[in-house]
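So the chains spell out like this:
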Amino acid sequence: MRFELYRDGKGEWRWRLRAENGEVVADSGEGYARREDCEHGIALVKGAANARVVDMTLKMA
């Protein structure tokens, strides 16, 4: 897998996480004015490897 940094049509920085088969499995969801902020978003995702999984279907009324 790899993270890709790129600029969108508005010139904002974005990232996407691409699997080995070429499919995009995650993206930034928003554009960043500064490359450093985009790189920080990538670091946050990398740091979330130990995040727990919450089944939200169990939270529905």
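A brief structural summary. Because the structure is a prediction, the values reported are computed rather than measured. (Residues numbered from 1 in each chain as written. Predicted model: local features only at pLDDT ≥ 70, side-chain atom pairs only at ≥ 80, totals over all residues. Heavy atoms only, no water.)

**A few points about the sheet that holds strand 2 (residues 13–18)**
- With respect to topology, three strands assemble into an open sheet ordered 1-2-3, the strand pairing being antiparallel. Every interior strand has two partners, whereas the edge strands, strand 1 (2–7) and strand 3 (24–27), have only one. Neighbour to neighbour, the strand axes of the sheet diverge by 30 degrees on average, direction disregarded.
- Bridge analysis of strand 2 against strand 3 gives three bridges, and the strand direction is antiparallel. If you follow Arg18 over to strand 3, its bridge partner there is Val24. (Pairing = 2+ DSSP bridges. Helix = DSSP H or I, 4+ residues; strand = E, 2+ residues; numbered from the N terminus. Axes fitted to C-alpha atoms, helices over the stretch in contact; angles between N-to-C directions.)

**Thoughts on the nonpolar core**
- By size, the foremost hydrophobic cluster in this structure holds six residues: Trp13, Trp15, Leu17, Tyr32, Cys38 and Ile42.
- Every element with two or more residues in this core is listed here: strand 2 and helix 1 (35–47).
- For this core, the element with the highest residue contribution is strand 2, accounting for three residues. (Core = buried A, V, L, I, M, F, W, Y, C linked by side-chain atoms within 4.5 Å. Buried < 20%, exposed > 50% of the residue type's maximum accessible area, 1.4 Å probe, protein only.)

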